[in-house]
Amino acid sequence: MTHYSPLLDGSQKAFLTCYLDNLALVERLHRLLLDVIKDEFERLSILEINSVQALLLFNIADNEVTAGELKSRGYYQGSNVSYNLKKLVELGYMHHQRSEIDRRSVRVKLTEKGRKLRDVLSGLFARHAEGMERRGLIDSSGMDEINMSLKRMERFWSEQIRYIY
């Protein structure tokens with residue numbers, strides 16, 4: 001059920017409805033992506049790592065980052081980053097090292113095992129992209145348009161967090 005302010009005119013209500021549909025779709029797509037990764041891992045009998053952890057590995061790629069940078073760079077959106085990093089280190093997917101300068105800071109990067117898992121996800125995503133293009137679901141210009149719109153929404157939300165109007 002959508003609640004509208006009585007002050008909105010017809011076009012504003014229509015825009016609000018589309019915006020709320022976008023929000024719901026973004027959330028559903030993220031959850032579905034996690035399910036797709038989980039399904040792929042089950043097919044490959046990769047059961048020691050969950051889809052959130054796998055996506056974290058995928059996003060880190062060849063970078064070496066601190067736990068704090070994971071969120072600021074957009075590699076990780078969850079609240080339990082420390083737990084997932086600890087688990088990935090324990091399972092041998094990531095290597096961690098204390099900073100020589102600031103002993104409180106820990107830098108992480110993928111191990112060979114982590115890079116192999118990232119390659120599994122890269123292959124999965126490449127198959128998806130090829131399948132969508134082959135079936136004519138979306139072309140590169142349509143994908144670019146979606147990306148530009150989502151980036152504008154991301155920028156707007158970031159400004160809201162920082163109280164920039």
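Let me sum up the structure you'll find in this document. All values derive from a computational prediction rather than experimental measurement.

A look at the sheet that holds strand 2 (residues 94-98)
Here comes step 1: Taken in spatial order, the three strands line up as 1-3-2 in an open sheet, and their pairing is antiparallel. In this open sheet, the two strands that pair with only one neighbour each are strand 1 (65-66) and strand 2.

Digging into unusual backbone geometry
Here comes step 1: One non-glycine residue, S45, lies in the positive phi region at around 60 degrees.
Here comes step 2: Within the secondary structure layout, S45 lies in the loop between helix 1 (10-43) and helix 2 (51-60).
Here comes step 3: Its identity as a non-glycine residue notwithstanding, A61 has a phi of 55 degrees, on the positive side.
Here comes step 4: Positionally, A61 belongs in the loop between helix 2 and strand 1.

Describing the packing of aromatic side chains
By convention here, two paired aromatic rings are described through the distance between centres and the angle between planes.
Here comes step 1: As enumerated under the stated definition, the model contains one aromatic pair in all.
Here comes step 2: With centroids separated by 4.9 Å and ring planes inclined at 90 degrees, the aromatic side chains of F58 and F125 adopt a geometry described as edge-to-face. Residue F58 is located in helix 2, and its partner F125 is located in helix 5 (residues 112-134); the two are separated by 67 residues in the primary sequence.
Here comes step 3: The ring of Y93 has K113 lying over it, and the distance from NZ or CZ to the ring centre is 4.6 Å.
Here comes step 4: Positioned above the aromatic ring of F58, the side-chain terminus of R118 is 4.4 Å from the ring centre.

Let's talk about helix 5
Here comes step 1: In this model, helix 5 (23 residues) spans 33 Å end to end at C-alpha, consistent with the 33 Å of a helix rising 1.5 Å per residue.
Here comes step 2: G114, L117, L121, L124 and G131 are the residues of helix 5 that are buried.
Here comes step 3: Those residues of helix 5 that are buried lie in contact with helix 1, helix 2 and strand 3 (106-110).
Here comes step 4: Count one or two residues on from helix 5 and you reach G136, which has phi positive near 75 degrees.

Digging into the layout of surface pockets
Where empty space is left in the structure can be found by rolling a water-sized probe over the atoms.
Here comes step 1: Considering only enclosed or pocket space, the largest pocket measures out at about 2,100 Å³ in volume.
Here comes step 2: V26, L29, H30, L33 and L150 are the residues nearest the centre of the largest pocket, which is lined by 41 residues in total.
Here comes step 3: For the lining of the largest pocket, the elements supplying multiple residues, two or more each, are helix 1, helix 2, helix 3 (67-72), helix 5 and helix 6 (140-161).
Here comes step 4: Of the residues that constitute the lining of the largest pocket, the class distribution is 25 nonpolar, eleven polar and five charged.
Here comes step 5: Of the pockets and cavities examined, the second largest pocket occupies roughly 190 Å³.
Here comes step 6: Taken together, A67, S82, L85, K86, V89, H96, R98, V106 and V108 form the lining of the second largest pocket.
Here comes step 7: Contributing elements (two or more residues each) for the lining of the second largest pocket: helix 4 (81-90), strand 2 and strand 3.

Looking at the environment of R31
Here comes step 1: With respect to the helices and strands, R31 occurs in helix 1.
Here comes step 2: With a relative accessible area of 52%, R31 lands in the exposed category.
Here comes step 3: The spacing of R31 and E100 is 69 residues in sequence and 38 Å in space, taken between C-alpha atoms.
Here comes step 4: There is a polar contact of 2.9 Å between the side chain of R31 and the side chain of E27.

So, how was this worked out
- Residues numbered from 1 in each chain as written.
- Predicted model: local features only at pLDDT ≥ 70, side-chain atom pairs only at ≥ 80, totals over all residues.
- Heavy atoms only, no water.
- Pairing = 2+ DSSP bridges.
- Helix = DSSP H or I, 4+ residues; strand = E, 2+ residues; numbered from the N terminus.
- Phe/Tyr/Trp six-rings, centres within 6.5 Å; stacked < 30°, edge-to-face > 60°.
- Lys NZ or Arg CZ within 6 Å of the ring centre and 35° of its normal.
- Expected span 1.5 Å × (residues − 1).
- Buried < 20%, exposed > 50% of the residue type's maximum accessible area, 1.4 Å probe, protein only.
- Contact = heavy atoms within 4.5 Å.
- 1 Å grid on protein atoms, 1.4 Å probe; cavity = no way out; pocket = protein on both sides within 12 Å on 5 of 7 lines; lining within 4 Å.
- Points joined across faces, edges and corners; volume = space filled by probe spheres on them.
- Nonpolar A, V, L, I, M, F, W, Y, C, P; charged D, E, K, R; others polar.
- Polar contact = N/O pair within 3.5 Å; in protein donor to acceptor, adjacent residues only side chain to side chain.

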